[in-house]
Amino acid sequence: MKDCFLVITLLLAVSKLNAQDLPVRLTVDANEQIATVTKFFNGTNIEDLNNQTNGGIFSQLLHGEAFEENVDVDFLQLDRKDYSKVYLVLDDRRIPHLITQSDIYHKIQWNNSGEKYDFTTHDIYNSTPFKKPEILSGWSFKGRFIVFDSLPPKIQNIMLERINGNEQISRFWDKMISGTPRYKYELVRDGNAYIGRQTQTIDFIEGAGEVGLYNSGLYKTGICFWKGKNYEGVFRIKAHIPTTVYFSLRDDKGNVIAEKPYSLKGDGTYEKVSVDLISSVTTKNGRLGISLKEKGKIELGFAFLQPGEWGRVSSYPLRKEFVDALKKLEIKAIRYNGSMVSSGADTYLYRWKKMLGPVDERRVTLRTGFNLYATHSFGFIEMLQAAEAINAVCIIGMSKDETAEDISDFVEYVNGPITTKWGARRMRDGHPEPYHLKYIQVDNERPMTLGYVKCVQKFAEAVWRVDPEMSIMLSVNIPKGGYPKGSIAYKLVSELVCWFIDKGKAEKLCWDPHYSGIRSFADNQEWFENEMGITIQRDLAEDFPGFMLKLHPMEENGWRCDWDRGLAHAHNWNTLQRYGNCFQMLGTANTFQPYGLYYMWDQGRIHYTTDAMWYQPSACIDEMMMKTWKPNVVKTTSSQNEVLDITAKVNDEKTELTVYIANMSEKQQPAILSVDGFRFKYQVDAWTIGGCELTEYNTYENQENVVFRPARVVVKNKQVYYDCPKYSYTVITLIKK
């Protein structure tokens, strides 16, 4: 029996090996259409995370604009990738501690009862521990904090000197000294800060020379200045006597490349200062300087620097190169929602009316979200302007705690005529035409509860009071097991559907379930259909004849930016298009990310530095998808679905057919493609991305490491032959004969 079993086992093994060596048979039936898709499937998600807005698409070139951060943590000698994740904060005794932003889902209480400290001693020492310590450049965070007591004496002494000595400088600024002056820098928390809690002072006490501060942009990585180009600055500065302040652009060695003086009245108010500086050279590691050249003292409340109109879009506060990157990808839908709505300490401050007005008048807050400190300088209106600039549909996510009145006012502001109160305000803000917003989303990633259902109804009634055509979008993630009929969640969803139907607004209910970006996700049909909302869409259609839930899954989360994520994204694209009739639009997270810097989820799809911007593999997939776009998905088969995943589409004219093949295996796979119902020429257009290790990605030094490259296929006997490289995605376009 043992010998027989061994023989059978060997035969099965040989059979399996032979099967792996045989070509995978792929078929396309161009006569049988299975779905229709639209370009709205190429959407993206932007949130105030990993500097997508502040430090990214927003035109502000400075970091630490409100001087709200405490002193730098350079003494920790953090690696570049960890520098964005650790800050110094104060307790109610003015004792400094370290906080990490690498896991903000362990929420902590924020002191909002006073201006002089960040967290109470109680909340710091009672913070919830992580499941396992987070190690950042050798520093072990067992929870959100490393408390002062546990730090080495040398580090304790440095921290105390930094926060109490004569060189108290907000984290993202550096001292600028020349000559032999006596000076003092102080971070003041006295309740009189301009838009936050903290004021930065520069005190030129006596002597000769120059005393000031300079800012080197996002995380001190430098600001790119172009020769002959102008840069516009807006500052809020207080002095108590007439004082001359100097504003300068400088290169990486501190040499002045542009400079202008400004005379403050010195009346004890935060005077608004506007300057325009033209760089005399090109440098990618520039700085902005603010300084005194004689005895005097100033208090800095706010600093803003942006490119002139040459570097922005339509005079909006949007950086042209970021908008151009979205245009090149042909993004057709943008969701602006995320952690800034649902996580962090200041969600009660995340209200649309706090996002209006000049950039230098919007309050800064300690969020303890992904960005420790954040202003409302980039908000809903700026995102609507970005969507307008690239001609994309926009989805705006609002806090569930906005009042009904404020929700109505928002809709009137963005869509109302200028004869209304808030439409007139929009015109005064420089945009007489309505923004034509079509979707408002109720909060971010909330559970399906009765409270959430009531909030959705509140939003709907408030919105329709002003604009009856606007759609209301849910932000509820569906678990892997779905919402089975009879479950509490399904009953709540059914009640909500009934409510919309009774209002005559069934077509205005939309759902945005977020979904996985791992390679195996699309292979598990039950998991896939549940999480994408397909199952509940089908169940609701059975229970409510004639009703079709509109699905807008706008956040594919991949947790990384390498080819592993890129291949998973390609596999999702293939599968989602075969289910194309189920969806209105689709989106992917995240959009932008500074190269080598992030808090959580290294999943930015467009990376940037001061002088460059490039796509990561998943964005390359989107670019190719749009270059080869066709709306009609046709029937396909694969003899080994788990190895080669195939989707095919034809254009409306039936003159082109494009086939998309994902090799999910670790080996090269020979394939034979047969096509029915479409006679094609022998010349084909073929491109492949991948064929590398899953950990590969595009770096600053090699921005085209993982990109599409021409592929050589063989056409004979009305079939296409190609050896699909391991872990690859191949796009083959056939032209009708």
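The rules behind these values
Here the residue numbers are simple positions, counted from 1 along each chain's written sequence. With the structure being a predicted model, the display of local features is reserved for residues of pLDDT at least 70 and the display and counting of side-chain atom pairs for 80 or more, all residues being used for whole-chain, interface and lining totals. Note that the side-chain values use all heavy atoms of the structure and ignore hydrogens as well as water. The buried label goes to any residue with under 20% of its type's maximum accessible area, the exposed label to any with over 50%, and the partly exposed label to all in between, with areas taken from a 1.4 Å probe on protein chains only. Only DSSP runs of H or I covering at least 4 residues are called helices, and only runs of E covering at least 2 are called strands; the numbering of each starts at the N terminus. Stacked, tilted and edge-to-face are the three classes assigned to paired rings of Phe, Tyr and Trp, where Trp is represented by its six-membered ring and a pair needs centres within 6.5 Å; plane angles under 30 degrees give stacked, over 60 edge-to-face, the rest tilted. A pair of strands is labelled paired if DSSP reports no fewer than 2 bridges between them. Fitting a line to C-alpha atoms yields each axis, with helices limited to the stretch in contact; the angle taken between N-to-C directions then spans 0 to 180 degrees. These descriptions rest on fixed angle ranges, namely under 35 degrees for roughly parallel, over 145 for roughly antiparallel, 65 to 115 for roughly perpendicular, and the rest for oblique. Two helices that cross are described as forming a left-handed crossing if the nearer one is turned anticlockwise from the farther one by less than a right angle, and a right-handed crossing if clockwise. Residue contacts follow a heavy-atom distance rule, with two residues in contact if any of their heavy atoms lie within 4.5 Å. Note on residue classes: Ala, Val, Leu, Ile, Met, Phe, Trp, Tyr, Cys and Pro are nonpolar, Asp, Glu, Lys and Arg are charged, and everything else, Gly too, is polar. Within this document, salt bridges are pairs made up of a side-chain nitrogen of Lys or Arg and a carboxyl oxygen of Asp or Glu, the two lying within 4 Å of each other. N or O atoms closer than or at 3.5 Å make up a polar contact, with two conditions inside protein: a donor-capable atom paired with an acceptor-capable one, and, for residues adjacent in sequence, both atoms drawn from side chains. Each C-beta atom gives one direction from the helix axis, and the arc is the one those directions make. Only buried residues count toward a nonpolar core. Its members are Ala, Val, Leu, Ile, Met, Phe, Trp, Tyr and Cys residues joined through side-chain atoms within 4.5 Å.

Participant: I would appreciate a short explanation of helix 8 (residues 380–390) in the present structure.
Facilitator: Two residues of an α-helix separated by three or four positions point the same way, owing to the 3.6 residues in each turn. Buried residues dominate helix 8, accounting for 10 of its 11 residues. The set of residues buried in helix 8 consists of Phe-380, Ile-381, Glu-382, Met-383, Leu-384, Gln-385, Ala-386, Ala-387, Ala-389 and Ile-390. Once helix 8 ends, the next one or two residues include Asn-391, with phi positive near 60°.

Participant: Whenever I open this one, the packing of aromatic side chains confuses me. Can you help?
Facilitator: For any two aromatic rings, the description comes down to two numbers: the centre-to-centre distance and the angle of the planes. Throughout the structure, instances matching the rule amount to 35 aromatic pairs. Ring centres 6.4 Å apart and planes at 80° place the aromatic pair Tyr-87 and Phe-172 in the edge-to-face group. Of the two residues, Tyr-87 sits in strand 3 (residues 86–90) while Phe-172 sits in the loop between helix 5 (153–164) and strand 8 (173–179), which places them 85 residues apart along the sequence. Exposure remark for Phe-172: the relative accessible area of 0% places this residue in the buried category. Between the aromatic rings of Tyr-350 and Phe-380, the centroid separation amounts to 5.8 Å while the plane-to-plane angle is 75°, which identifies the pairing as edge-to-face.

Participant: Would you explain the pairing of strand 11 (residues 209–215) in this entry?
Facilitator: As a general feature of sheets, a regular strand has side chains that alternate between the two faces. Of all 7 residues making up strand 11, 6 are buried, and the element is well covered by its neighbours. In this structure, strand 8 lies alongside strand 11, joined through 7 bridges in antiparallel fashion. Counterpart to Ser-178 in the pairing with strand 11 is Glu-210. As paired elements, strand 11 and strand 17 (residues 283–292) share 5 bridges and run antiparallel to each other. The residue bridging Gly-212 from the neighbouring strand is Ser-291, located in strand 17.

Participant: Please explain the packing of helix 9 (residues 404–415) against helix 10 (residues 421–428) as it appears in this structure.
Facilitator: Packed helix pairs are characterised by how far apart their axes lie and by the angle those axes make with each other. The N-to-C vectors of helix 9 and helix 10 enclose an angle of 50°; their axes lie 7 Å apart at closest approach. What the angle tells us is that helix 9 and helix 10 run oblique. The chirality of how helix 9 crosses helix 10 is right-handed. Each of Asp-409, Glu-412, Tyr-413, Val-414 and Asn-415 in helix 9 lies in contact with helix 10, whose residues at this interface are Lys-421, Trp-422, Gly-423, Arg-425 and Arg-426. Residues that form the contact of helix 9 with helix 10 fall into these classes: 3 nonpolar, 2 polar and 5 charged.

Participant: Looking at this structure, how should I read the sheet that holds strand 7 (residues 145–146)?
Facilitator: Backbone hydrogen bonds are what pair the strands of a sheet, in a parallel or an antiparallel way. The 3 strands lie next to each other as 3-4-7, forming an open sheet whose pairing is antiparallel. The sheet is open, and its two borders are formed by strand 3 and strand 7, each paired with just one other strand. Sheet analysis places strand 3 next to strand 4 (residues 96–100), joined by 5 bridges and oriented antiparallel. Within the sheet, the bridge partner assigned to Leu-88 lies in strand 4 and is Leu-98. Contacts between helix 5 and the sheet are confined to strand 3 and strand 4, with strand 4 contributing the most and set at about 105° to the helix.

Participant: Looking at this structure, how should I read the sheet that holds strand 13 (residues 230–238)?
Facilitator: Taken in spatial order, the 5 strands line up as 9-10-18-13-16 in an open sheet, and their pairing is antiparallel. This sheet does not close on itself; its edge strands, each paired only once, are strand 9 (182–188) and strand 16 (270–278). Averaged over all pairs of adjacent strands, the angle between their axes in this sheet comes to 30°, without regard to strand direction. Sheet topology places strand 9 next to strand 10 (residues 199–206); 7 bridges connect them, and they run antiparallel. Residue pairing in the sheet places Arg-182 in a bridge with Glu-206 of strand 10.

Participant: Mind showing me how you'd approach the pattern of salt bridges here?
Facilitator: Proximity of charged atoms lets side chains of opposite charge pair with each other. Per the counting criterion, the structure on display carries 46 salt bridges. Across the pair Asp-360 and Arg-236 runs a salt bridge whose closest N-O atoms are separated by 2.7 Å. With Asp-360 in the loop between helix 7 (339–342) and strand 22 (364–366) and Arg-236 in strand 13, the pair connects residues that are 124 residues apart, well separated along the chain. No difference in accessibility class separates Asp-360 from Arg-236, as the two residues are buried. One salt-bridge network, in which partners are shared between bridges, spans Asp-72, Arg-171, Asp-174 and Lys-220.

Participant: Is there a simple way to think about the side chain of Asp-409 in this case?
Facilitator: Inspection of the secondary structure puts Asp-409 in helix 9. Residue Asp-409 is classed as buried on the basis of its relative accessible area, which comes to 13%. A polar side-chain atom of Asp-409 sits 2.8 Å from a polar atom in the side chain of Lys-353. Among the polar contacts listed, one links the side chain of Asp-409 to the side chain of Trp-422, at a separation of 3.4 Å. When sequence neighbours within four positions are dropped, the list of residues in contact with Asp-409 reads Trp-352, Lys-353 and Trp-422.

Participant: Looking at this model, I keep getting lost on helix 6 (residues 320–329). Mind explaining?
Facilitator: Every buried residue belonging to helix 6 is among Phe-322, Val-323, Ala-325, Leu-326 and Leu-329, and all of these are buried. For helix 6, the buried positions fall inside an angular range of 155° around the axis, keeping them on one side. After helix 6 finishes, the residue Glu-330 shows a positive phi value of roughly 60°.

Participant: Quick question: what am I supposed to make of the nonpolar core here?
Facilitator: Across soluble globular proteins, you tend to see nonpolar side chains buried next to one another. Ranked by size, the top nonpolar core spans 159 residues in total, and within it Ile-396, Met-448, Tyr-483, Trp-511, Trp-563 and Tyr-729 carry the most contacts. No other element matches the 9 residues that helix 11 (residues 450–464) contributes to this core. Within the second largest apolar cluster, 33 residues are counted, among which are Tyr-185, Ile-202, Leu-277 and Ala-303.

Participant: Any chance you could explain unusual backbone geometry here in plain terms?
Facilitator: Outside of glycine, negative phi angles account for most residues, and trans bonds account for most peptide bonds. The linkage connecting Ala-589 with the following residue, Asn-590, adopts the cis geometry, with an omega of -15°. One can find Asn-590 in the loop between strand 31 (587–588) and strand 32 (592–594). Unusually for a residue other than glycine, Arg-94 sits at a positive phi of about 60°. Its location among the elements puts Arg-94 in the loop between strand 3 and strand 4. For Ser-315, which is not glycine, the phi torsion reads 65° and is therefore positive.

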